[in-house]
Amino acid sequence: MRLRNVKGSRDTIAESPYVIHDPQSIKGSFRAHFPEKDKPLHIEIGMGKGKFITTKASLESNINFIGVEKYSSVLVRAIEKQENMLLSNLYFIRMDAVEITDVFAPGEVDKIYLNFSDPWPKDRHAKRRLTSRQFLARYKEILVPGGKIEFKTDNVPLFDFSIDEANEAGWEISGLTRDLHNSEYMEGNVMTEYEERFSAKGNKICRMVLTAPLS
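Treat the numbers as computed from the prediction; the structure is a model and nothing was measured.

## What about the pattern of salt bridges?
Now for step 1: Counted by the stated rule, this structure contains 12 salt bridges.
Now for step 2: The partner of Glu150 in a salt bridge is Lys111, and the shortest N-O contact between them spans 3.4 Å. Here Glu150 is found in strand β5 (residues 143-153), whereas its partner Lys111 is found in strand β4 (residues 109-115), with 39 residues between them in sequence.
Now for step 3: For Glu150, the salt bridge identified is with Arg207, shortest N-O distance 3.6 Å. Note that Glu150 is positioned in strand β5 and Arg207 in strand β7 (residues 206-211), a separation of 57 residues in sequence. Here Glu150 and Arg207 have matching classes, each one buried.
Now for step 4: By sharing partners, the salt bridges in this structure join Lys111, Glu150 and Arg207 into a single network.

## Quick look at helix α5 (residues 133-142)
Now for step 1: For α5, the full list of buried residues reads Phe135, Leu136, Tyr139 and Ile142. Buried residues of α5, viewed axially, fall in a sector of 125°; they line one side.
Now for step 2: Looking at the buried positions of α5, the neighbouring elements they touch are β1 (41-45), α4 (100-103), β4, β5, α6 (156-168) and β7.

## A few points about α6
Now for step 1: Between its terminal C-alpha atoms α6 stretches 18 Å, which fits the 18 Å expected from 13 residues at 1.5 Å a residue.
Now for step 2: Among the residues of α6, Leu158, Phe159, Phe161, Ser162, Ile163, Glu165 and Ala166 are the ones counted as buried.
Now for step 3: Where the residues of α6 are buried, they touch α5, β5, β6 (172-177) and β7.
Now for step 4: Among the residues of α6, the N-terminal cap falls to Asn155, whose side-chain oxygen and the backbone nitrogen of Leu158 are separated by 2.8 Å.
Now for step 5: Following α6 by one or two positions, Gly170 adopts a phi angle in the positive range, close to 80°.

## Quick word on a positive patch on the surface
Now for step 1: Taken together, the side chains of Lys122, Arg124, Lys127 and Arg128 present a region of like positive charge at the surface.
Now for step 2: In this fold, Lys127 is placed in the loop between β4 and α5.
Now for step 3: Among the residues examined, Lys127 registers a relative accessible area of 55% and is labelled exposed.

## Quick notes on the nonpolar core
Now for step 1: In terms of nonpolar packing, the biggest core is built from 38 residues, with Ile43, Ile66, Phe104, Ile112 and Tyr139 touching the most fellow members.
Now for step 2: For this core, the element with the highest residue contribution is α6, accounting for five residues.
Now for step 3: Formed by 17 residues, the second largest nonpolar core is a distinct cluster that contains Tyr18, Phe52, Ile63 and Leu75.

## Section: the sheet that holds strand β2 (residues 64-69)
Now for step 1: Read from one edge to the other, the open sheet built from seven strands follows the order β3-β2-β1-β4-β5-β7-β6, with strand pairing classed as mixed. Two strands lie at the open edges of the sheet, namely β3 (90-94) and β6, each paired on one side alone. In this sheet, neighbouring strand axes are inclined to one another by 20° on average, regardless of whether the strands run parallel or antiparallel.
Now for step 2: Pairing between β1 and β4: four bridges, direction parallel. Paired with Ile45 across the two strands is Leu114, which belongs to β4.
Now for step 3: In the packing of α5 onto the sheet, contacts are made with β1, β4, β5 and β7, and the angle to β5 comes to roughly 135°.

## Concerning the side chain of Ser72
Now for step 1: Note that Ser72 resides in helix α3 (residues 72-85).
Now for step 2: A relative accessible area of 8% places Ser72 in the buried class.

Cut-offs applied
Residues numbered from 1 in each chain as written. Predicted model: local features only at pLDDT ≥ 70, side-chain atom pairs only at ≥ 80, totals over all residues. Heavy atoms only, no water. Salt bridge = Lys/Arg side-chain N within 4 Å of Asp/Glu carboxyl O. Helix = DSSP H or I, 4+ residues; strand = E, 2+ residues; numbered from the N terminus. Buried < 20%, exposed > 50% of the residue type's maximum accessible area, 1.4 Å probe, protein only. Arc of directions from axis to C-beta. Contact = heavy atoms within 4.5 Å. Expected span 1.5 Å × (residues − 1). Polar contact = N/O pair within 3.5 Å; in protein donor to acceptor, adjacent residues only side chain to side chain. Patch = residues over 30% accessible without salt bridge, like charges linked within 9 Å, V, L, I, M, F, W, Y side chains within 5 Å. Areas by Shrake-Rupley, 256 points an atom, 1.4 Å probe, with all protein chains shown as cover. Lys, Arg positive; Asp, Glu negative; His and termini not counted. Charge placed at Lys NZ, Arg CZ, Asp CG, Glu CD. Core = buried A, V, L, I, M, F, W, Y, C linked by side-chain atoms within 4.5 Å. Pairing = 2+ DSSP bridges. Axes fitted to C-alpha atoms, helices over the stretch in contact; angles between N-to-C directions.

Here it is as structure tokens:
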């Protein structure tokens, strides 16, 4: 996916009060960054322009959310949404997902959302996929015991790969469907920009929930 550079995006991000600028400095105390500190913490990794996470935060005020995105050109669009919505339970971090364990402490996160992640189709890039066993090991470290991942994609090879990786890593798989929009799991579903686009083209949306192994 080629991203268009947005002029001034880095300055906007640097000046935004909705971005946590030095996340490593509050590792282990992210909940204290929010006005209501006792809420569960959910994060979306690779949030893009932020439609999903801003909608979730507006609907679920009982949860604190952090959106993680490495590309300035799309993060700035999420900031624009937040500037209009002024959600007290939502912040952003600009970072690469590979650094996730450097930022979040063990057991600090209750749930992770992965939506329409880059499929990295070449075999030699498999470990870069956000559902690879390498990333699952990172997620297990930062999630609470029995914490969950919710994963959605329209890419069937990536979905099949993710099932295999989860099984190999000992994660429990539930809520699995290869046609989300015609399944029981559609109730309460919040769509991303990609999901709206792909489903409008007739692409079936795959979804599953993973529960981290306890040992």
